[in-house]
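Okay, here's what each chain looks like letter by letter:
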Amino acid sequence: MTTVDLLDVAAAARWIHARGAERIIGELIDALAVDFRRWPDLDKRERVASHSRDGVIELMPASDGATYGFKYVNGHPTNPARGFQTVTAFGVLADVHNGYPTFLAEMTLLTALRTAATSGLAARALARPDARTLALVGTGSQAEFQALGMRAALGVTHLRAWDVDPAAREKFLRNARALGFEVHEATSAADAVAGADVVTTCTADKRNATVLTADMLAAAAPGVHVNAIGGDCPGKTELDAAILTAPGTAVVVEYTPQTRIEGEIQQLAPDFPVTELWEILVGDAAGRTSPDQVTVFDSVGFAVEDWSALRYVHDAVRRDPWAADLLQRVDLVAEPADPKDLWSLVAVPALAPTVS
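As named in an unreviewed UniProt entry, the chain is Ornithine cyclodeaminase, taken from Isoptericola jiangsuensis.

Dropping the structure here:
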């Protein structure tokens, strides 16, 4: 009988707590860098999205010809008001050779880790090496992970945080200080951005919005790096277009065909010039060219990142002797003795379930 490894929410939470979220994010940054450097060899495509008035449900597939993976994820901005999470997810790995699934994992927690790691990877390539102050515009579910990602990548020590929701701000202040950060509770987005070396925008409203203006950014530190991660579907933006089009600004994306539809650059002409992150990592394109240059990572979240994260966590959990018991084994593959006789599984009474 072929069984599939399963990492559920409780097991994932235990593993992350024991191994350490910041350590995991740092390891994920390195794992992502390896996979981004083989970008041209990977099977990639835009996410398959089903939009409704309430939100979006998406499938995100990727493969290297040996291992296939996909993530199921939703994004429902009004969920917290109804007692639900904005984002939930699970992911699957499969063996391309026979198509059998090999790993099934919760990905709500893992998505937060991989998003922070992707931000960290981009910041490592684009931000000034001496960047130590991070402004967070949006302090929801992703914020603590983003802070840890920037500390892992850059050594960030100071945070300036703003959210329109006072409860979200208070939650973040409490958690971030417990994680060892010095935190300034900003009075506005403009106050958060003032003097910052890196600015992360991470808001959930599914609409065209401008949470960061060019005037706000002018008050940031010279050579600021903008990490825009909230614009992740058509009709949803966070940045003033003038930030993107300012002379000398470098705009970097994950996968151009998807970002043209979903990212901040959906506001601009289809031929607006951008660089993909992998091009910088392999040396085919320049990233930051001067200490005072403004850089923007227009990140929408891409399937390769989830595929990398699934492979990383599956390997890491199996490698840790203490963590092996966290994996459950589930029977998801119907395997009759004769591969052409599927009927045999329901024809033999001993194998059939009892129906009351």
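That covers the picture; the talk isn't over yet.
*Asks:* Account for the overall build of the chain, naming residues and giving values.
*Replies:* Of regular secondary structure, the chain possesses twelve helices and 17 strands. A compact globule built from 356 residues should have a C-alpha radius of gyration of about 21 Å, and the chain, at 21 Å, falls within 12% of that. Dimensions of the chain, computed from C-alpha atoms along their principal axes, come out at roughly 75 × 45 × 40 Å. Buried positions account for 51% of the 356 residues belonging to the chain. Surface accessibility of the chain: about 15700 Å² in total, with carbon and sulfur atoms responsible for 56%. One way to put it: in the chain the 31 positive side-chain charges average out to a point 3 Å from where the 46 negative ones average out.

*Asks:* So what's going on with the domain arrangement of the chain? Which residues, and what values?
*Replies:* For the chain, the assigned domains are domain 1 (4-109 + 305-339) and domain 2 (126-302). The C-alpha centroid of domain 2 is placed 25 Å from the C-alpha centroid of domain 1. Residue-level contacts link 24 residues of domain 1 with 26 residues of domain 2. Interface of domain 1 and domain 2: buried area, both sides summed, is about 2100 Å²; carbon and sulfur atoms make up 63% of it. Of all residues in domain 1, Glu 22, Trp 39 and Arg 47 bury the most surface against domain 2, accounting for 26% of the area lost on that side. Our count for the contact surface shared by domain 1 and domain 2 stands at two salt bridges.

*Asks:* Outline the side chain of Ser 119, supporting the account with residue identities and numerical values.
*Replies:* Along the polypeptide, Ser 119 turns up in helix α3 (residues 108-126). Other than its neighbours up to four places away in sequence, Ser 119 contacts Gln 146, Met 150, Asn 227 and Ile 229.

*Asks:* Which residues make up the packing of helix α1 (residues 9-19) against helix α2 (residues 21-36), and what values do they have?
*Replies:* To describe two helices that pack against each other, one gives the angle between their axes and the distance between the axes. Between α1 and α2, whose axes approach to 6 Å, the crossing angle comes to 90°. With respect to their mutual orientation, α1 and α2 come out roughly perpendicular. Two secondary-structure elements touch here, α1 through Trp 15, Ile 16 and Arg 19 and α2 through Ala 21, Arg 23, Ile 24 and Glu 27. Grouping the amino acids of the contact of α1 with α2 by side-chain chemistry returns four nonpolar, no polar and three charged.

*Asks:* Account for helix α4 (residues 143-154), with residues named and values stated.
*Replies:* Helical periodicity: at 3.6 residues per turn, an α-helix aligns residues three or four positions apart in one direction. Under the 1.5 Å per step criterion, the end-to-end length of α4 is 16 Å for twelve residues, consistent within 8% with the ideal 16 Å. The element α4 is largely enclosed, with a buried count of ten among its twelve residues. Within the sequence span of α4, burial applies to Ala 143, Glu 144, Phe 145, Gln 146, Ala 147, Leu 148, Gly 149, Met 150, Ala 153 and Leu 154. Positive phi appears at Gly 155, one or two residues downstream of α4, with a value of about 80°.

*Asks:* How would you summarise the nonpolar core if you had to cite specific residues and measurements?
*Replies:* Counting residues in hydrophobic clusters, the biggest one holds 72 residues, and the most contacted among them are Leu 7, Trp 15, Leu 113, Leu 154 and Leu 159. Here this core gathers at least three residues from each of two domains, domain 1 (4-109 + 305-339) and domain 2 (126-302). Not counting chain neighbours up to four residues away, the residues in contact with Leu 113 comprise Ile 16, Ala 21, Ile 24, Ile 25, Leu 28 and Phe 145.

*Asks:* Run through helix α5 (residues 166-178), naming residues and quoting values.
*Replies:* Between its terminal C-alpha atoms α5 stretches 18 Å, which fits the 18 Å expected from 13 residues at 1.5 Å a residue. In this structure, the buried residues of α5 make contact with β7 (133-137), α4, β8 (158-162) and β9 (182-185). If you check the start of α5, you find a side-chain oxygen 3.0 Å away from the backbone N of Ala 167, and it comes from Asp 165. Directly after α5, the chain includes Gly 180, whose backbone phi takes a positive value near 95°.

*Asks:* Please give an account of the state of the cysteines that cites residues and values.
*Replies:* With the rule as written, the count across this model stands at zero disulfides. Left unpaired, Cys 202 is separated from the closest cysteine sulfur, that of Cys 233, by 13 Å.

*Asks:* Can you tell me about the sheet that holds strand β2 (residues 48-51), naming the residues and giving the values?
*Replies:* A sheet is described by the order of its strands in space; here seven strands give the open sequence β2-β3-β4-β5-β6-β1-β17, paired in mixed fashion. Only two strands of the sheet have a single partner each, and these edge strands are β2 and β17 (328-330). Mean inter-strand twist for the sheet, computed between neighbouring axes without regard to direction, equals 15°. Sheet topology places strand β1 (residues 4-7) next to β17; three bridges connect them, and they run antiparallel. Each residue of the ladder has a partner; that of Val 4, found in β17, is Val 330.

*Asks:* Which residues make up the pairing of strand β3 (residues 56-63), and what values go with them?
*Replies:* Most of β3 is tucked away: six of the eight residues are buried. With four bridges connecting them, β2 and β3 associate as antiparallel partners. Within the sheet, the bridge partner assigned to Ala 49 lies in β3 and is Glu 58. In this antiparallel pair of consecutive strands, β2 and β3, the connection spans four residues. Sheet topology places β3 next to strand β4 (residues 67-75); eight bridges connect them, and they run antiparallel. Each residue of the ladder has a partner; that of Ala 62, found in β4, is Gly 69. Counted between consecutive antiparallel strands, the loop separating β3 from β4 contains three residues, among which Gly 65 sits at a positive phi close to 90°.

Rules of the game
- Residues numbered from 1 in each chain as written.
- Predicted model: local features only at pLDDT ≥ 70, side-chain atom pairs only at ≥ 80, totals over all residues.
- Heavy atoms only, no water.
- Helix = DSSP H or I, 4+ residues; strand = E, 2+ residues; numbered from the N terminus.
- Rg over C-alpha atoms; globule rule 2.2 N^0.38 Å.
- Buried < 20%, exposed > 50% of the residue type's maximum accessible area, 1.4 Å probe, protein only.
- Areas by Shrake-Rupley, 256 points an atom, 1.4 Å probe, with all protein chains shown as cover.
- Lys, Arg positive; Asp, Glu negative; His and termini not counted.
- Charge placed at Lys NZ, Arg CZ, Asp CG, Glu CD.
- Domains from an automatic or database assignment.
- Contact = heavy atoms within 4.5 Å.
- Buried area = accessible area lost by both parts, 1.4 Å probe.
- Salt bridge = Lys/Arg side-chain N within 4 Å of Asp/Glu carboxyl O.
- Axes fitted to C-alpha atoms, helices over the stretch in contact; angles between N-to-C directions.
- Parallel < 35°, antiparallel > 145°, perpendicular 65-115°, else oblique.
- Nonpolar A, V, L, I, M, F, W, Y, C, P; charged D, E, K, R; others polar.
- Expected span 1.5 Å × (residues − 1).
- Core = buried A, V, L, I, M, F, W, Y, C linked by side-chain atoms within 4.5 Å.
- Polar contact = N/O pair within 3.5 Å; in protein donor to acceptor, adjacent residues only side chain to side chain.
- Disulfide = S-S within 2.5 Å.
- Pairing = 2+ DSSP bridges.

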